[in-house]
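# Commentary on secondary and tertiary structure
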Amino acid sequence: MSVDRTLTTVLGLYQDVHDDAKTEQIYATTTSLLTHLSNPLNLSLLTSQLLNSPAIWRRPNRMRTCYRIISIFNTAAIHVRRNEVDNSRHRGPRVGGGLSSEAWTRAIVKGADDRSPRWKHLLVLTGILMGMEGNGRQSLPSSLRNTLEHAVMTATNLALGPDAEEGLAGTGAVVLALNYAFPLLSDLSQASLDHDLLLPCASRALLGEDGLNSGLLLNAVNNDVVQYGHIFDWPTASPSFLQLQHLDQQPLISGMGPLSRLLAYGIEHARDSRVVLQIQDDLVVFTKNLFEQWQANKLGGLEVSEEAAFLTPETRDTTWPALWQFLKKVMYAVVAVLHRIVSRSLLDHRLRSDAVAPSIATKSLHVLRNLCFVSSYHGNNAFQVYTFTYLASIDILTQYPEACNALLQEIKPPSPGVIPAHPLLRSLDLFYLNLAEHLPLSLPSWEACDALIVQPATTYLSHSAPLSARMVELFESAHSAVLSALSCPDNAPLTVQLAPFYADTLLKSFPSHISPRQFRLAFKTMMQILSPPFPISATHPGLAETFLEMVRFRIGSANPAPLPPRPDAQGQSDMSSPSSEQSTLVMTLIDSLPFLHLSIFEEWMMLAAEAVHEIPDPAMREAAKRRFWDILVNGEMDVERSAIGVAWWGTKGGRELVLSGRSGGSGESGPDSEHRFLMSGAILEGATGSKL
């Protein structure tokens, strides 16, 4: 069939709605015609008819149709440019329609006429721009490319404006087209975009029916999950899994990364800061809905460690990972947008004001809290954008004590003293404790600190059940939150009340519920809090030494066997070098030395040195000796303690006590054993030269 007859046939097919197979044939034939037509007028006619064709636009899933239009013109433009290059290189039969890229582009643009709305024009222009200039291709003269970019921006602003032909109906298509076209635009063209108009439309496109649809997929998943006893099955043939696969292939979802970057760019350059605040409100509502739907989902009640035991093989290997991959993509997109909102709030004087800043920080933390069931899954929050957004929001919030108090009051665990049974609620508790750790200095009183930080944390400090990886995180976060509260000088009354209980809890928890690293850090922090210059050291001077005695007493009965690996990744990394309950307690004594009062400092150096030689394992004992040496020489001590330490080491038997023990036994062997731990500049016996 000749090209002209094919054109006539296709134009006739455009007038009626057809089934899927026939529609796909129309798409393919249209692409071929766009490549092979040689008459510019026919190209303009084909484009004009395509943009008004009932066969194309009266079908469901308009976003898929928009994507196909962009694809058609992108593919056709690539072929036209390739044919132009081939025809210029080789003599012989002409390939394609024979039009130059410039002539073809002008003919297509003329077809985007007043008979079709601006948002449809934008689809055509985007396809042309991608095909001619994408991937480093430079197919058009600079003047025509600039004209094309200007046309893209003009069509965008008109399609988004209040006088747009189809109102909200075409905004999803505009965002889709701009998602692909924006990276190809020059800075000057990008600057001409009306970001105040774009942002609400882009937010609706990402979160609304054309995109994530308010997270309603999770409701469908819950309806399809079947439970057999304690086993959950979500088969690959279920409608919700097919819906997940379909959603993941939708144009705006498959391009969610670029779309989030487009939103982020718009947030940075919007003139009206109220539009930015509305985007944040949209994120709060969306993430809240997502969290509530996951909370109601049967699969939302599974601990990470329970997946293998409670999921069928098909669910564990296929549908479950696919769902988490989708949720992770959603979290990345939301955090990328939130990151730019928080960044702008640090620079924009309207958002930085005392009336607005605490609200932005609070809402940002609400968004991150709503996403904590995703971010806390297998370390999904371990990326720089999340960390900046989280910490920057906290930094802003800490400047406003009333806002800090209000936020913690709003999100604190509802039942103090009770560990929730639902894993999702434990994820919320973990987020709460990690957040509360940063806020004790910003709370109005030590009573508030006790109610909002210490009491919720004590729930997990008293926990004695077997630990999972999540419970290890909660337990250590609880310790960090309590230590943060006790470290505040204004909380001295609270510290006096809590310190004995906390020290006892700490010793009871080790090594069953707390890693050697966390135990040493916690005890070291406690000793620092109870020692000068903290005021409690003056009012209760005996507390620090009492706690040291508790550790020293336990060393004699502590287990010298190497500790087993812990269930959490951090705990496993702590065990990279061998340690035992006993060696950890000795290390704890050594760690505490830089903080002790001068009156007891030298005595406890001797006791710690003697404790080193209670460790039977040679490798662990050597590690303790190296740590003792580090304490003396690495600058952890102040000038006064360093002077006492030098004198003790050199003239009061400290060196011999550390290296060989009080008995002076043969714990060290080898020709260099006596020379490994020497103060800088020491003169050895037997060395050549004079002795002073």
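Okay, so let's go over this structure. Quick caveat: nothing in here was measured; it's all calculated off a predicted structure. (Residues numbered from 1 in each chain as written. Predicted model: local features only at pLDDT ≥ 70, side-chain atom pairs only at ≥ 80, totals over all residues. Heavy atoms only, no water.)

### A word on the pattern of salt bridges
Short version of the rule: When a carboxyl oxygen of Asp or Glu lies within 4 Å of a side-chain nitrogen of Lys or Arg, that pair is called a salt bridge. Runs of H or I in DSSP of at least four residues are treated as helices and runs of E of at least two as strands, each being numbered from the N terminus. Summary of the burial criterion: residues with accessible area below 20% of their type's maximum are buried, those above 50% are exposed, and those between are partly exposed, where the area comes from a 1.4 Å probe applied to protein chains only.
Overall, the coordinates contain 29 salt bridges when judged by the stated rule. Between Arg-68 and Glu-24 there is a salt bridge, with the nearest N and O atoms lying 2.8 Å from each other. Taken together, the residues Arg-68 in helix H5 (residues 62-89) and Glu-24 in helix H2 (residues 20-36) connect sequence positions 44 residues apart. Arg-68 gets classed as partly exposed once you look at its relative accessible area, which sits at 22%. The partly exposed category is assigned to Glu-24, whose relative accessible area is 40%. Ionic pairing is found between Glu-636 and Lys-524, a salt bridge with its closest N-O pair at 3.9 Å. Of the two residues, Glu-636 is situated in the loop between helix H33 (618-633) and helix H34 (639-651) and Lys-524 in helix H27 (residues 516-529); the sequence distance between them amounts to 112 residues.

### Focus: helix H23 (residues 423-436)
Structural remark: α-helix, 3.6 residues per turn; residues separated by three or four positions point the same way. The condition that has to hold: By this rule the span expected of a helix is its residue count minus one, scaled by 1.5 Å.
A rise of 1.5 Å per residue sets the reference length of H23, with its 14 residues, at 20 Å; its end C-alpha atoms lie 20 Å apart and thus fit the reference within 8%. H23 sits mainly inside the fold: twelve of its 14 residues count as buried. All of the buried residues in H23 are Pro-423, Leu-424, Arg-426, Ser-427, Leu-428, Asp-429, Leu-430, Phe-431, Tyr-432, Leu-433, Leu-435 and Ala-436.

### Re unusual backbone geometry
In this structure, Pro-511 follows Phe-510 across a cis peptide bond, with omega equal to 5 degrees. Inspection of the secondary structure puts Pro-511 in the loop between helix H26 (492-509) and H27. A cis amide bond links Pro-532 to the next residue, Pro-533, at an omega of 10 degrees. If you trace the backbone, Pro-533 turns up in the loop between H27 and helix H28 (536-539). Of note in this structure, Asn-135 is not a glycine but carries a positive phi near 55 degrees. Assignment of secondary structure puts Asn-135 in the loop between helix H7 (118-133) and helix H8 (142-160). Owing to a relative accessible area of 76%, Asn-135 belongs among the exposed residues under this scheme. Residues other than glycine seldom take positive phi values, yet Ser-214 does so here, at roughly 60 degrees.

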